[in-house]
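# Examining the three-dimensional arrangement
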Amino acid sequence: MSKIEKVLVTGKTHTTHSSAGTTSRGHNGTVDITLSSPGGGKPEHEFTAVQPHPKAEQLFAGAWSACYMASVGLAAQQMKLTLPADTAVDIEVDLGQTGPAYFLQARLTLIVPGLTQEVATELAHNADQMCPYSKATRGNIDVALNVRTE
C-alpha cells in the first residue's frame, strides 16, 4: 500500500445516528454537500476543466459513512448496547499523489459520547469488520480508525 506524499483534495462528511436506526446528514435527513470544483479554496492542484459538483471524495465518504453507521447500529445490538443519541461518524477521504501516481487515504472517527473508551473502541472495530465499505478498502488504502467518547 502506497502512502500519499501530497494531499490534493479532501472530502469530509459528518453522519449522525437517529433513534429510528437510520442515518442522515444535515437537517431533516437531507444530504448537505457544498458544490465545488475539486481542489476548491487554494488547491494544491487545479482541475480547471471540471464543473462545480460534489467531490468524488465527498460522495465516497458519504456512502461509506452511511454504511459504517448502519454497521455501528448492528454492532451495538450484538453487544447489547444502547447508542447515545448523539452518536456520529466523521469520515475524511483524501485524494493525493506520490510521485505521478494518485491514491486515496481515509480517516474515520466514531463519536460515541458517554461510552467508555474501551467499549467505544470495541464497537468501532466490530462495526469496521461488518461494514462492506471498510472491507472493500481494507488493505487497499491507508485508513485510520479513531474513537471519541466526549
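What follows concerns the environment of Leu95. Note that Leu95 resides in strand 3 (residues 88–98). Of the residues examined, Leu95 reaches a relative accessible area of 16% and is grouped as buried. Leu95 sits 39 residues away from Ala56 along the chain, and the two C-alpha atoms are 9.3 Å apart.

Counting 24 residues, the largest nonpolar core has Trp64, Tyr68, Val72, Ile91, Leu110, Val112 and Leu123 as its most contacted members. Elements that contribute at least two residues to this core include exactly helix 1 (56–78), strand 3, strand 4 (101–111) and helix 2 (117–130). In terms of residue count, the dominant contributor to this core is helix 1 (eight residues). With residues near it in sequence (within four places) discarded, Trp64 still touches Ile91, Val93, Ala106, Leu108, Cys131, Tyr133, Ser134, Thr137, Ile141 and Val143.

On to the pairing of strand 3, then. Buried residues dominate strand 3, accounting for eight of its eleven residues. Here strand 1 (residues 6–17) runs beside strand 3; their pairing, made up of ten bridges, is antiparallel. Counterpart to Lys6 in the pairing with strand 3 is Gln97. Hairpin connection from strand 3 to strand 4: two residues lie between these consecutive antiparallel strands, with Gly99 at a positive phi of about 60°.

Cut-off values and rules
Residues numbered from 1 in each chain as written. Predicted model: local features only at pLDDT ≥ 70, side-chain atom pairs only at ≥ 80, totals over all residues. Heavy atoms only, no water. Helix = DSSP H or I, 4+ residues; strand = E, 2+ residues; numbered from the N terminus. Buried < 20%, exposed > 50% of the residue type's maximum accessible area, 1.4 Å probe, protein only. Core = buried A, V, L, I, M, F, W, Y, C linked by side-chain atoms within 4.5 Å. Contact = heavy atoms within 4.5 Å. Pairing = 2+ DSSP bridges.

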